Amino acid sequence: DGILCSRFNINVTYRLALCLQPGRWLNDEVVNFYMELLGERSRRREEGLKCHFFNSFFVDKFKVSYEYEHVQRWSKRARVRILKMDKVFFPVNANQGHWCLAVINFIDKRFEYYDSVGGGDRGVLGQLRRYVQDEANQYSKQPGYDLSEWDDYTPHDVPQQDNGNDCGVFMCKFADYLSGNLELRFEAGDMPYFRDRMALELEAQAVA
């Protein structure tokens, strides 16, 4: 099983990339590689939103309970100051069977959760609220960071899937559109095209 692309300390093999075929559920490697590509796009833009993308293992650290020490060094390793971003993105593997997207939106002062089957946030937003306060105290010297005016935002009018396997593609496109400051104007019928496009983006990073 050869390697299709290897960057960002992520190896995506040809076998793993098969998850982009219709009817398949996206795996962590493809999701995280795509998030890195979105992050790279954001860093290269001279204008537009300042965005950072964590991988799918970040939120996994809080499955039992929130402990800041589990993620305390993540932003430092990435060389980002969370409070200086416009938006911070988190892929969420809810119950090990459904992809959703959580976003810290510093522009609109919101903790956001996007679910292509219209579910709730399952406690993630409360954990990210604590994370922002801990980051503010640890790295920005702002103890007691005020989040009293921040809202939890879980819209149910976002594009919805019509099967049991496209949630990962929806989640990736939520991140793509929101980081590009675009309205979420796509639908279930667009998923085959998005799968093909994501596959081409991975192939463009192929190992020579």
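These lines cover the structure that appears in this document, whether it is placed above or below. As the structure is a prediction and not an experimental result, all values here were calculated from the model.

The rules behind each value
Residues numbered from 1 in each chain as written. Predicted model: local features only at pLDDT ≥ 70, side-chain atom pairs only at ≥ 80, totals over all residues. Heavy atoms only, no water. Core = buried A, V, L, I, M, F, W, Y, C linked by side-chain atoms within 4.5 Å. Buried < 20%, exposed > 50% of the residue type's maximum accessible area, 1.4 Å probe, protein only. Helix = DSSP H or I, 4+ residues; strand = E, 2+ residues; numbered from the N terminus. Contact = heavy atoms within 4.5 Å. Salt bridge = Lys/Arg side-chain N within 4 Å of Asp/Glu carboxyl O. Phe/Tyr/Trp six-rings, centres within 6.5 Å; stacked < 30°, edge-to-face > 60°. Disulfide = S-S within 2.5 Å. Polar contact = N/O pair within 3.5 Å; in protein donor to acceptor, adjacent residues only side chain to side chain. Pairing = 2+ DSSP bridges. Axes fitted to C-alpha atoms, helices over the stretch in contact; angles between N-to-C directions.

Digging into the nonpolar core
Piece 1. Ranked by size, the top nonpolar core spans 41 residues in total, and within it Val12, Leu26, Met35, Leu101 and Phe174 carry the most contacts.
Piece 2. Of all the secondary-structure elements, those providing two or more residues to this core are strand S1 (3–7), strand S2 (10–13), helix H1 (14–17), helix H2 (28–44), strand S3 (51–53), strand S5 (98–105), helix H6 (167–179) and helix H7 (191–203).
Piece 3. A total of nine residues in this core trace back to one element, the largest contributor, which is H6.
Piece 4. Aside from chain neighbours lying at most four places away, what touches Leu26 is Cys19, Leu20, Val31, Trp99, Gly168, Val169, Cys172, Arg195 and Met198.
Piece 5. Core analysis: the next-biggest nonpolar cluster, separate from the first, contains 32 residues, Val59, Val124, Ala136 and Leu147 among them.

Quick look at the pattern of salt bridges
Piece 1. Taken as a whole and assessed by the stated rule, the structure comprises 11 salt bridges.
Piece 2. Here Lys173 ties to Asp176 by a salt bridge, and the two come within 2.7 Å at their closest N and O atoms. One end of the pair, Lys173, and the other, Asp176, are both in helix H6, three residues apart, so they sit about a helical turn from each other.
Piece 3. Taking relative accessible area as the criterion, Lys173 reaches 1% and is therefore assigned buried.
Piece 4. Note on Asp176: relative accessible area 10%, which makes it buried.

Details of the packing of aromatic side chains
Piece 1. Scanning the entire structure with this criterion turns up 25 aromatic pairs.
Piece 2. Ring geometry for Phe62 and Tyr66: centres 4.8 Å apart, planes at 50°, overall tilted. Judged on exposure class, the residue Phe62 and its partner Tyr66 are both buried.
Piece 3. Ring centres of Phe186 and Phe194 lie 5.6 Å apart, and the angle between their planes is 90°; this geometry places the pair in the edge-to-face category.

Topic: the state of the cysteines
Piece 1. Scanning all chains against the criterion turns up zero disulfides.
Piece 2. Looking at Cys5, it has no disulfide partner, and the nearest cysteine sulfur is the one in Cys19, 11 Å off.
Piece 3. Of the cysteine sulfurs around Cys167, a residue in no disulfide, the closest is that of Cys100, at 7.4 Å.

Concerning the side chain of Ser75
Piece 1. Tracing the sequence through the fold places Ser75 in helix H4 (residues 74–78).
Piece 2. Setting aside residues up to four positions removed in sequence, Ser75 forms contacts with Phe54, Val80, Ile82, Tyr131, Glu135 and Tyr139.

Observations concerning the environment of Trp99
Piece 1. Here Trp99 is to be found in strand S5.
Piece 2. Note: C-alpha distance between Trp99 and Arg15 (84 residues apart in sequence) is 20 Å.
Piece 3. In contact with Trp99, other than residues within four places in its own chain, are Trp25, Leu26, Asn27, Asp28, Val31, Ser56, Pro91, Val92, Asn93, Cys167, Gly168 and Met171.
Piece 4. A polar atom in the side chain of Trp99 sits 2.9 Å from the backbone oxygen of Leu26.

What to know about the sheet that holds S5
Piece 1. Strand order in the open sheet made by the five strands is S3-S4-S5-S6-S7, with mixed pairing throughout. Here the strands that pair on one side only, and so sit at the sheet edges, are S3 and strand S7 (151–153). Averaged over all adjacent pairs, the angle separating strand axes in this sheet is 20°, with direction ignored.
Piece 2. The pairing of strand S6 (residues 110–114) with S7 spans three bridges and is parallel.

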